[in-house]
Amino acid sequence: MLGGSAIPFRATSFAKTPDADWLVAWHQDTALPFTERFDAPGFGPWSVKEGVDYAHAPTEVLQRVVALRIHLDASTEENGPLRVVPGSHVHGVLEDDEVAELARRSPSVACCVARGGVLVMSPLLVHASSKLGAARPRRVLHLEYADTLELAPGRELRVC
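Parameters at a glance
- Residues numbered from 1 in each chain as written.
- Predicted model: local features only at pLDDT ≥ 70, side-chain atom pairs only at ≥ 80, totals over all residues.
- Heavy atoms only, no water.
- Helix = DSSP H or I, 4+ residues; strand = E, 2+ residues; numbered from the N terminus.
- Buried < 20%, exposed > 50% of the residue type's maximum accessible area, 1.4 Å probe, protein only.
- Pairing = 2+ DSSP bridges.
- Salt bridge = Lys/Arg side-chain N within 4 Å of Asp/Glu carboxyl O.
- Axes fitted to C-alpha atoms, helices over the stretch in contact; angles between N-to-C directions.
- Phe/Tyr/Trp six-rings, centres within 6.5 Å; stacked < 30°, edge-to-face > 60°.
- Lys NZ or Arg CZ within 6 Å of the ring centre and 35° of its normal.

Right, let's get into the environment of Arg158. Mapped onto the fold, Arg158 is located in the segment after β13 (155–156). As for Arg158 and Phe9, which are separated by 149 residues in sequence, their C-alpha atoms are 6.5 Å apart.

If you want it as structure tokens, here you go:
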């Protein structure tokens, strides 16, 4: 998907349990970690999370990223699975109101994945998830890859 090269740059674990459960509204994953701030069209606004500089990135950069979601538990209709709007990644970066409208008028799919299964997704895919709805946990390891860490001189993804 990335043209033969894939470099991991970010890993996140999600663990929805009866004691730690949350709803995730419809969105795209547009913020990326960088080694330092820079001023360039299409990047921003900037924020800091746990000491790391993040910027929302433009479509052409996010198209160079792919995420692998490794399911440590089965993801079922009962434990808050990832829901996606199929094909929504082709629209590029959307404004929040455009994401909401697309999710409202388009059919969505619950991504039920067996324990040990892997789901591959674009950060531009419009997605959400519900609360558990059952006592069964849902743990996922979310690994993000890019075709390179150096997007352009002075614009390097941070590994975190």
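Our next topic: the pairing of strand β9 (residues 118–121). Alternating positions in β9 separate cleanly, Leu119 and Met121 being buried on one face and Val118 and Val120 remaining unburied on the opposite face. Summarising the sheet, strand β6 (residues 65–71) and β9 pair through four bridges and their orientation is antiparallel. In the strand pairing of β9, Ile70 is matched with Val118.

Within this structure, the stated rule accounts for five salt bridges. Where Arg10 meets Glu144, a salt bridge forms, and the shortest distance between an N and an O atom there is 2.6 Å. Residue Arg10 is located in strand β1 (residues 7–16), and its partner Glu144 is located in strand β11 (residues 138–146); the two are separated by 134 residues in the primary sequence. This pair shows no difference in class: Arg10 is buried, exactly as Glu144 is. Here Asp73 makes a salt bridge to Arg139, at a shortest N to O gap of 2.7 Å. Of this pair, Asp73 sits in the loop between β6 and β7 (82–84) while Arg139 sits in strand β11, and the two are 66 residues apart along the sequence.

Next up on the list: the sheet that holds strand β5 (residues 52–56). Taken in spatial order, the three strands of this open sheet run β3-β5-β4, and their pairing is antiparallel. Only two strands of the sheet have a single partner each, and these edge strands are β3 (31–34) and β4 (46–49). Strand-to-strand twist across the sheet, computed as the mean angle between neighbouring axes with direction ignored, equals 35 degrees. Relative to β5, β3 runs antiparallel, the two sharing four bridges. Bridge pairing in β5 links Ala31 to His56.

With the rule as written, the count across this model stands at five aromatic pairs. Centroid distance Phe34 to Phe38: 5.1 Å. Interplanar angle 85 degrees. Geometry classified as edge-to-face. Judged by its relative accessible area of 1%, Phe34 falls in the buried class. Members of the aromatic cluster, connected to one another through ring pairs, are Phe34, Phe38, Phe43 and Trp46. When the ring centre of Trp22 is taken as origin, the NZ or CZ atom of Lys16, which lies over that ring, is 5.4 Å away.

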